[in-house]
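# Residue-level structural notes
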Amino acid sequence: MNVVFAVKQYVSKMIEDSGPGMKVLLMDKETTGIVSMVYTQSEILQKEVYLFERIDSQNREIMKHLKAICFLRPTKENVDYLIQELRRPKYSIYFIYFSNVISKSDVKSLAEADEQEVVAEVQEFYGDYIAVNPHLFSLNILGCCQGRNWGPAQLSRTTQGLTALLLSLKKCPMIRYQLSSEAAKRLAECVKQVITKEYELFEFRRTEVPPLLLILDRCDDAITPLLNQWTYQAMVHELLGINNNRIDLSRVPGISKDLREVVLSAENDEFYANNMYLNFAEIGSNIKNLMEDFQKKKPKEQQKLESIADMKAFVENYPQFKKMSGTVSKHVTVVGELSRLVSERNLLEVSEVEQELACQNDHSSALQNVKRLLQNPKVTEFDAARLVMLYALHYERHSSNSLPGLMMDLRNKGVSEKYRKLVSAVVEYGGKRVRGSDLFSPKDAVAITKQFLKGLKGVENVYTQHQPFLHETLDHLIKGKLKENVYPYLGPSTLRDRPQDIIVFIIGGATYEEALTVYNLNRTTPGVRIVLGGTTVHNTKSFLEEVLASGLHSRSRESSQVPSRSASRR
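Overview of the structure. Note that this is a predicted model, so its numbers are computed, not measured. (Residues numbered from 1 in each chain as written. Predicted model: local features only at pLDDT ≥ 70, side-chain atom pairs only at ≥ 80, totals over all residues. Heavy atoms only, no water.)

### Some points on the environment of Gln-229
Keep this limit in mind: Each helix corresponds to a stretch of at least 4 residues labelled H or I by DSSP, and each strand to a stretch of at least 2 residues labelled E; elements are numbered beginning at the N terminus. Using a 1.4 Å probe on the protein chains alone, a residue whose accessible area is under 20% of its type maximum counts as buried, one over 50% counts as exposed, and one in between counts as partly exposed. Between two residues, a contact is recorded if the distance between any of their heavy atoms is within 4.5 Å. Whenever two N or O atoms come within 3.5 Å, that pair is a polar contact, provided that in protein one can donate a hydrogen and the other can accept it, and provided that, for residues adjacent in sequence, both atoms are side-chain atoms.
If you trace the backbone, Gln-229 turns up in the loop between strand E11 (212-217) and helix H8 (232-239). According to the relative accessible area criterion, Gln-229 is buried, its value standing at 13%. Sequence separation between Gln-229 and Leu-347 is 118 residues, and the spatial gap between their C-alpha atoms is 9.9 Å. Dropping the residues within four chain positions of it, Gln-229 is found in contact with Thr-224, Ala-234, Met-235, Glu-238 and Glu-513. A distance of 3.2 Å separates a polar side-chain atom of Gln-229 from the backbone oxygen of Leu-227. In terms of polar contacts, Gln-229 uses its side chain to reach the side chain of Glu-513, at 3.2 Å.

### Digging into the pattern of salt bridges
One side chain can pair with another of opposite charge once the charged atoms of both are near each other. Basically, it comes down to this: A carboxyl oxygen of Asp or Glu within 4 Å of a side-chain nitrogen of Lys or Arg is what we treat as a salt bridge.
Applying the stated criterion across every chain, the model contains 30 salt bridges. Note that Arg-54 and Asp-56 form a salt bridge whose closest N and O atoms lie 3.0 Å from each other. Accessibility expressed as a relative area gives 32% for Arg-54, which makes it partly exposed. Take Asp-56: its relative accessible area is 27%, and that puts it in the partly exposed class.

### So, the sheet that holds strand E2 (residues 49-54)
Put simply, the rule reads: DSSP calls a pair of strands paired once it identifies at least 2 bridges connecting them. To obtain each axis, a line is fitted to C-alpha atoms, and for helices this fit is confined to the stretch in contact; angles are then taken between N-to-C directions over 0 to 180 degrees.
Reading across the sheet, the five strands line up as E2-E1-E3-E4-E5 and stay open at both edges, with parallel pairing between neighbours. In this open sheet, the two edge strands, each paired with only one partner strand, are E2 and strand E5 (119-124). Taking the axes of each pair of neighbouring strands and ignoring which way they run, one obtains an average angle of 15° across the sheet. With five bridges connecting them, strand E1 (residues 23-27) and E2 associate as parallel partners. Bridging across to E2, Leu-25 finds its partner in Phe-52.

### A closer look at the side chain of Thr-540
One can find Thr-540 in helix H22 (residues 540-550). Looking at Thr-540, the relative accessible area reads 1%, which means it is buried. Side-chain polar atoms of Thr-540 contact the side chain of Glu-238, separated by 3.0 Å. Beyond its immediate chain neighbours, meaning those up to four positions away, Thr-540 contacts Pro-225, Leu-226, Leu-227, Glu-238, Phe-382 and Arg-386.

### Considering the packing of helix H16 (residues 381-394) against H22
Under the convention used in this document: The hand of a helix crossing depends on one turn: near helix anticlockwise from the far one by less than a right angle means left-handed, and clockwise means right-handed. When residues are grouped by polarity, Ala, Val, Leu, Ile, Met, Phe, Trp, Tyr, Cys and Pro land in nonpolar, Asp, Glu, Lys and Arg in charged, and all others, Gly among them, in polar.
At a minimum axis separation of 12 Å, H16 and H22 run at an interaxial angle of 65°. The handedness of the crossing between H16 and H22 is left-handed. Between H16, through Phe-382, Arg-386 and Met-389, and H22, the contact on the second element is made entirely by Thr-540, Lys-541 and Leu-544. Of the residues assigned to the contact of H16 with H22, the class counts are three nonpolar, one polar and two charged.

### Digging into the sheet that holds strand E6 (residues 130-133)
One open sheet holds the six strands; their spatial order is E6-E7-E16-E14-E11-E10, and the pairing between them is mixed. Pairing within the sheet leaves two strands with one partner each, and these edge strands are E6 and strand E10 (174-177). When strand polarity is set aside, the average angle formed by the axes of neighbouring strands in this sheet is 25°. In terms of strand pairing, strand E14 (residues 501-507) meets strand E16 (residues 529-534) through six bridges, oriented parallel. Looking at the pairing, Asp-501 lines up with Arg-529 of E16. Across the sheet, helix H7 (residues 182-197) touches E10, E11 and E14, and the angle it forms with E10 is around 165°. Of the strands in this sheet, E6, strand E7 (136-138), E14 and E16 touch helix H21 (residues 512-524), which is tilted by about 170° from E16.

### Considerations on the side chain of Asp-217
Test applied: Under the convention used here, Asp and Glu are negative, Lys and Arg are positive, and both His and the chain ends fall outside the count.
Along the chain, Asp-217 turns up in strand E11. For the buried Asp-217, which has no salt bridge, the nearest side chain bearing the opposite charge is Arg-148, at an N-O separation of 6.6 Å. Polar contacts involving the side chain of Asp-217 include one to the side chain of Ser-181, which spans 2.7 Å. Residues within four places of Asp-217 in sequence aside, it is in contact with Gln-178, Ser-181, Ala-183, Ile-506 and Ile-507.

### Points about the packing of helix H4 (residues 76-87) against helix H5 (residues 104-113)
Operational definition: Working rule for angles: under 35 degrees goes down as roughly parallel, over 145 as roughly antiparallel, 65 to 115 as roughly perpendicular, anything else as oblique.
Their axes nearest at 8 Å, the elements H4 and H5 cross at an angle of 20°. By the angle between their axes, H4 is roughly parallel relative to H5. In the crossing of H4 with H5, the sense of the turn from one axis to the other is right-handed. On H5, the residues touching Val-79, Leu-82, Ile-83, Leu-86 and Arg-87 of H4 are Asp-106, Ser-109, Leu-110 and Ala-113.

Listed below in structure tokens is the structure:
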């Protein structure tokens, strides 16, 4: 179950099926992103694709010597563009591939428009999602719910993305969903409807143990997306932001022109592939080793590489080194910027208190530490608000809850109203009243013992104590202990054996910390294969946008005491 490989195979097959000769790849905004995640432009150029165009671009030239490979989402807008294209074709022959199921009526409209008979074939290739890592996919939808319920357009797109994923991995799963979430139940029903309607597409070879689709809701764990991260991929997303593998470095002080935007892709960057799940400290020393290896080839000019600044100077002084290894100059720049932000924003200290808020249960110590950091001028308003949000979620019902005092501290610190309002919005979004499970206190004697022993041994790294709630959920699922009254099956049948192929989907977005959990479980659990997906992949900034988009904060406290459940089921 490798989503990058699945999408890559579709793209390769499209290009192969069109035969030899010069080609243009005609895409829409979304499929451009989908293809760019699995192939670089230079890789596609080697396959005789010399031109990349958008179907909605008005001023494309007529080039009758080119074959057109069209890879498009089956939207009404794209079908209309194609109809216009086929009435006045710009290329010699068209191979049309839709990223999802296309209706018979749309195919009929295309056939009627193809008066010059330029269409060689029309097919469905189900690459209708963003393949981020081999075990992680996203739909790039930010703000999927209004209140606790789906926005209709977002539900439709998510259903399409999830069913395309199942088709591309050749899985017809049993479905379980989080009972406390109306949105999870609704999505489960929609996916089931598509599987029933398109049953011929889902007739795959039966496996002994059927695959399982588990649908969860971000509301159940609002802690994970609020934490600072210390593994490479997660940290880059948290501090710099990753958008379809691209990182915008234009705000970095003194950045050179060719590094204003860089691409981090494990598919074609060996250093990134080997380091994306390692801790920040290890990455610094790995870059240093890489550069020292190169230095050995230049014995005359031995230089000591003691700091990030030394490394940057070293790279800039070696144009040939830069040429040989754009990779290294890119990673030195990225790690240098991460390092600068960590020190500028005092993130080591901030993160230590975040981890205490997420993992320990000592209220007075936590409160004292949060108050201390709120007085520190180096702590930004964003990080100050984040600490108070974590406190508010953890100690929401604690007898000595001191949230009003902390809110006053935020105001005195000069934190903007936008961030102060977000504190109550986050509690409204993912507080105790909403959660279907208990995020904080250990539930049984075994868990309490484990936590006690963990405390005794001391944690190997104080900054990475936290494990996402997803870890516990998947651990129970793999062991056959996930409670059916909390995560029921959709429909009458249940799984007798332990699941082997698991697809987990988080409404409201997944995180890179959860992707790391899945990566580690895949590595350490023989016979189990897990793929994680989400409506998007969050960092703290985008998660807070998700909370704002839900609109929960703007409702009155009274009207939202009872989670809304729609009486009529569509």
